[in-house]
Amino acid sequence: MHYRPLGRTGVQVSTLALGAMNFGAIGRTSQDEATAIIDAALAGGINVIDTADRYSQGESEELVGRAIAGRRDDIVLATKATMPMGDERNHQGSSRRWLVTALDDSLRRLGVDHVDLYQIHRWDPTTSDEETLSALTDLQRAGKIRYFGCSTFPAYRLVQAEWAAREHHLGRYVTEQPSYSILQRGIEAHVLPVTAQYGLGVLAWSPLASGWLSGAVRAGREISTHRADVLPQRFDLTIAANRARLDAVEQLAEVADGAGLTLIQLALGFVTAHPAVTSAIIGPRTMDHLRSQLAAADTVLTADVLDAIDAIVAPGVDLAPDEKHDTPPALLDPALRRR
């Protein structure tokens, strides 16, 4: 395992981070299974665990909390808030009112008195940067969080938040958590240049592109992954973007074979090769998943392999642009772009 500084915080983190989204109902992962995965991940050198209140409506945090009891100080523990937690309209977003409550709920579920990294799960267009950063700064000063970051923010929102922090003398985001993989490279054109400019650490999620780069999705095979059961439209080959992804996967598999790597090693090695990326978040649902992903811990891709990847999926290109999670609201809602 390799380690890198998390932005400019001075904290050293593993280049693979353990994502806990699959713990609980989402991935049908029990406490014993989650504990075994965490045990093996820590033994393999991973020192970052990333979860969120939204994952299985708090169950993921509870499973993580029980699994890390007694060794919390050896782990860089991260969680997130802002996604809806139930039907109450104010139990979501990034207002001070909700973030204070949501953090206390997360700390209770995790069984800890602080988290190392508290992240805004999605940009909330109804709440000002000053409101959110002020609340996070106060929570940091209270000792409940060590640092705070954001997830899946458009590049211009990162810049706006940086400006707001300076203008109002507040703490600033120290990390961004974007979706990034060989098949979804759009952030190379806008988000990653901004994170590099401001010295943000980058924890990339979905480096295996929802399983497309796991080796389980290949031409001529029935697609029977757990993710395909949950989100069948993302694997529907009548959709042009999915056919483009499958074509790219077949070409990438040849590149991996030629380099003596698995497709997973190629995919994770690609993400961690980018100089703006700190860690790739893996989200194993089983021990077999974890073993295959830990095998990429020391993978370093050569220049010719990276060139071959660029020839298959060009830099800055998203093969499935409709699946982007940082699209400005005005592109999704016609009412926001019409008088």
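See above for the structure.
What comes next is a walk through the structure. Throughout this document, residue positions are counted from 1 along each chain, in the order its sequence is written. At least 70 in pLDDT is required for a residue's local features to be given in this predicted model, at least 80 for side-chain atom pairs to be given and counted, and no such filter applies to totals for whole chains, interfaces and linings, which use all residues. Neither water nor hydrogens contribute to the side-chain values; these are computed over all heavy atoms in the structure.

## So, the overall build of the protein chain
What counts here: Strands are runs of DSSP state E lasting at least 2 residues, helices are runs of H or I lasting at least 4, and numbering of each runs from the N terminus. Only C-alpha atoms enter the radius of gyration; for comparison, a globular chain is expected to reach 2.2 Å times N to the power 0.38, where N is the number of residues. A contact between two residues is defined here by any heavy atoms of the two lying within 4.5 Å. Areas reported here follow the Shrake-Rupley algorithm with a probe of radius 1.4 Å; residue values treat only the protein chains shown as occluding. Think of it this way: Lys and Arg go in the positive column, Asp and Glu in the negative one, and His and the chain ends go nowhere. Throughout, a charge is located at the NZ atom of Lys, the CZ atom of Arg, the CG atom of Asp or the CD atom of Glu.
Along the backbone of the protein chain there are twelve helices and ten strands. For 339 residues, the compact-globule estimate of 2.2 N^0.38 gives 20 Å, and the protein chain sits close to it at 19 Å. Seen through its principal axes, the protein chain has C-alpha atoms that stretch 55 × 55 × 40 Å. Counting only contacts in the protein chain whose residues sit at least 6 apart along the sequence, the fraction spanning at least 24 positions is 78%. With the model as given, the accessible surface of the protein chain reaches about 14800 Å², and the carbon-plus-sulfur share is 50%. Across the protein chain, the 33 positively charged side chains and the 42 negatively charged ones have centroids separated by 4 Å.

## Description of the environment of Glu-188
Where we set the bar: In the analysis that follows, any N or O atom pair within 3.5 Å is treated as a polar contact, provided that within protein one partner can donate a hydrogen and the other can accept it, and provided that, for residues neighboring in sequence, both atoms belong to side chains.
Here Glu-188 is to be found in the loop between strand E8 (175-177) and helix H6 (191-198). With 143 residues separating them along the chain, Glu-188 and Gly-45 place their C-alpha atoms 28 Å apart. When residues no more than four places from it in sequence are discounted, the contact partners of Glu-188 are Tyr-180, Pro-193, Phe-270, His-274, Pro-315 and Gly-316. Engagement of the side chain of Glu-188 in a polar contact is seen with the side chain of Tyr-180, the distance being 2.5 Å. At 2.8 Å, the side chain of Glu-188 forms a polar contact with the backbone nitrogen of Gly-316.

## Comments concerning the sheet that holds strand E7 (residues 145-151)
Operational definition: Paired strands, as defined in this entry, are two strands with at least two bridges between them according to DSSP. Axis geometry follows a simple rule: fit a line to the C-alpha atoms, using only the stretch in contact for helices, then measure angles between N-to-C directions, giving values from 0 to 180 degrees.
The sheet built from eight strands closes into a barrel, its strands ordered E3-E4-E5-E6-E7-E8-E9-E10 with parallel pairing. Looking at each pair of strands side by side, their axes are set apart by 30° on average, direction ignored. Where strand E9 (residues 201-204) and strand E10 (residues 279-282) come together, two bridges link them in parallel fashion. Considered in E10, the bridge of Leu-203 is made with Ser-279.

## Considerations on the packing of helix H1 (residues 31-43) against helix H10 (residues 287-294)
Applied cut-off: Here is the rule for angles: anything less than 35 degrees is roughly parallel, anything more than 145 is roughly antiparallel, 65 through 115 is roughly perpendicular, and the remaining ranges are oblique. Two helices cross in a left-handed way if the nearer one is turned anticlockwise from the farther one by less than a right angle. They cross in a right-handed way if the turn is clockwise. In this count, Pro and Cys sit with the nonpolar residues alongside Ala, Val, Leu, Ile, Met, Phe, Trp and Tyr, while Asp, Glu, Lys and Arg are called charged and the others, Gly among them, polar.
It is at 10 Å that the axes of H1 and H10 come closest, and there the two elements cross at 15°. Here H1 lies roughly parallel to H10, going by the angle between them. Note on packing geometry: the crossing formed by H1 with H10 is right-handed. Note on element contacts: H10 touches H1 through Met-287, Leu-290 and Leu-294, opposite Ala-36, Ile-37, Ala-40 and Ala-41. Across the contact of H1 with H10, the residue classes tally to seven nonpolar, no polar and no charged.

## Remarks on the packing of aromatic side chains
We describe a pair of aromatic rings using the distance from one ring centre to the other and the angle between the two ring planes. Rules: Aromatic pairs are defined between Phe, Tyr and Trp rings, using the six-membered ring for Trp, whenever the two ring centres lie within 6.5 Å; interplanar angles under 30 degrees are classed as stacked, those over 60 as edge-to-face, and all others as tilted. Note on exposure labels: buried denotes an accessible area under 20% of the residue type's maximum, exposed denotes more than 50%, and partly exposed covers the range between, all computed with a 1.4 Å probe on protein chains only.
For the structure shown, the criterion picks out five aromatic pairs. Ring centres 5.6 Å apart and planes at 40° place the aromatic pair Tyr-180 and Phe-270 in the tilted group. Placement of the pair is Tyr-180 in the loop between E8 and H6 and Phe-270 in helix H9 (residues 263-273), with a sequence separation of 90 residues. Pair check on accessibility: Tyr-180 and Phe-270 agree, each one buried.

## A closer look at the pattern of salt bridges
Going by this rule: Note on definitions: salt bridges are taken to be side-chain nitrogens of Lys or Arg within 4 Å of carboxyl oxygens of Asp or Glu.
Tallied over the full model, the rule gives 16 salt bridges. Ionic pairing is found between Lys-144 and Asp-104, a salt bridge with its closest N-O pair at 2.8 Å. Separated by 40 residues along the polypeptide, Lys-144 in the loop between helix H4 (129-141) and E7 and Asp-104 in helix H3 (residues 96-110) bring together distant segments of the chain. For Asp-105, the salt bridge is made with Arg-108, and the minimal N-O distance between the two is 3.6 Å. Here Asp-105 pairs with Arg-108, and both are found in helix H3, just three residues apart, close to one helical turn. Take Arg-108: its relative accessible area is 57%, and that puts it in the exposed class.

## Observations concerning the side chain of Thr-127
In this structure, Thr-127 sits in the loop between strand E6 (115-120) and H4. Residue class for Thr-127 comes out buried when judged on its relative accessible area of 15%. At a separation of 2.5 Å, a polar atom in the side chain of Thr-127 contacts the side chain of Asp-124. Ignoring anything within four residues of it in the chain, the contact list for Thr-127 reads Ser-94, Ser-95 and Thr-132.

## Focus: the side chain of Thr-9
By secondary structure assignment, the location of Thr-9 is in the loop between strand E1 (3-5) and strand E2 (12-14). You can call Thr-9 buried: its relative accessible area is 17%. A polar atom in the side chain of Thr-9 sits 2.8 Å from the backbone oxygen of Leu-6. Apart from residues no more than four positions distant in its own chain, Thr-9 is found in contact with Tyr-147 and Val-174.

## Regarding the pairing of E7
Spelled out, the test is: By convention, a crossover is right-handed whenever its connection, traced from the first strand over the helix to the second and viewed with the strands pointing away, goes clockwise.
The element E7 is largely enclosed, with a buried count of five among its seven residues. By the bridge criterion, five bridges tie E6 to E7 in an arrangement that is parallel. Across the sheet, Val-115 pairs through a bridge with Ile-145, a residue of E7. Note: E7 against E8, two bridges, orientation parallel. In the strand pairing of E8, Cys-150 is matched with Glu-176. After leaving E7, the chain enters helix H5 (residues 155-168) and then returns to the sheet as E8, a path that is right-handed.

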